[in-house]
Amino acid sequence: MASLHKKWLLPLCLFSLIAQAEPAPLRIGVSDTDAAPIAVLAEDGSMLSGGLARDLGALLADEMGMKPQFTLLARRRVEPSIESGKVDIICNANPDWYGNSARLSWSHEIYPLVERVLSLKSQPPLRQLDDLAGKRIGTIHGYHYPSLEYLWSGNRSERVTEARFDLLPKSLDKRLSDVAIVTELTYVWWARGHVQEAASFKIHPLVVSSQPTMCALSQRSPVKLDQLNRAIDRLHKSGRLKALMSHYLWQE
């Protein structure tokens, strides 16, 4: 009987050791409306296949000794999912973008989301917002551009609205707009996949807006804010975060 007991005890001990060695999951939410390269989806749109959100999540999980576990969320489910604890973190986030930001915890900044001006190469350099006066400005439907509102409300320029990013370069090429407002991340991603088309355009020195992005942390998560912030700080200090971002942005 004692021998039989030992035969059962050994597998149980091994199972216990394996269970203890398995890293805890870091449940990462990603909005399905985040444009590439932040979220790159499979062809059927059902899962995350790549992009900055995935790379960053894997980097954070590795830094905290955890295993990344991604959940693709419809935009209307983003706030409820993080508040209820269905996911631990959602990055590429900012308190100004969340209606329930006061009920969440917010990490240190990870990277800035920068909007700049795109035009055909024939346009002279644009260095200040007033340089956009008299121009037709291409924008994305549903997006807000607070720094440019004074131009539109004063009829000093015209807002041209497109449904999605890839229509902005087409509008410029057809002379339906003079300039377009683009995020650096999205434009660089597009330009790398459309080298010939991108050769006709240039990005101007003018920065329209720059907003910090960070991770929203669920207050129901076992992950603590200090733990997350220490991981982000280490990634900045070690250069691993800069190396990751270099894959998505040009080096000026």
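- As recorded by an unreviewed UniProt entry, the protein carries the name ABC transporter substrate-binding protein and is attributed to Chromobacterium vaccinii.

### With respect to the UniProt feature "domain: Solute-binding protein family 3/N-terminal" (unreviewed entry) in the protein
(1) Moving on: In this structure's numbering, the residues bearing the UniProt feature "domain: Solute-binding protein family 3/N-terminal" (unreviewed entry) are residues 27-249.
(2) Moving on: Helix makes up 29% of residues 27-249 and strand 30%, whereas the separation of the span's terminal C-alpha atoms amounts to 26 Å.

### Here we look at the side chain of D88
(1) Moving on: Topologically, D88 is positioned in the loop between helix 3 (78-84) and strand 5 (89-93).
(2) Moving on: A distance of 2.8 Å separates the side chain of D88 from the side chain of S221, its partner in a polar contact.
(3) Moving on: In this view, D88 contacts P25, L26, R27, I82, A216, L217, S218, S221 and P222; residues no more than four positions away in its chain are not counted.

### With respect to helix 6 (residues 184-193)
(1) Moving on: The element helix 6 is extensively covered by neighbouring structure, given that seven of its ten residues are classed as buried.
(2) Moving on: Those residues of helix 6 that fall on the buried side of the exposure criterion are E184, L185, T186, Y187, V188, W190 and A191.

So, how was this worked out
Residues numbered from 1 in each chain as written. Predicted model: local features only at pLDDT ≥ 70, side-chain atom pairs only at ≥ 80, totals over all residues. Heavy atoms only, no water. UniProt positions renumbered as here; feature names shortened; annotations may be inferred. Helix = DSSP H or I, 4+ residues; strand = E, 2+ residues; numbered from the N terminus. Polar contact = N/O pair within 3.5 Å; in protein donor to acceptor, adjacent residues only side chain to side chain. Contact = heavy atoms within 4.5 Å. Buried < 20%, exposed > 50% of the residue type's maximum accessible area, 1.4 Å probe, protein only.

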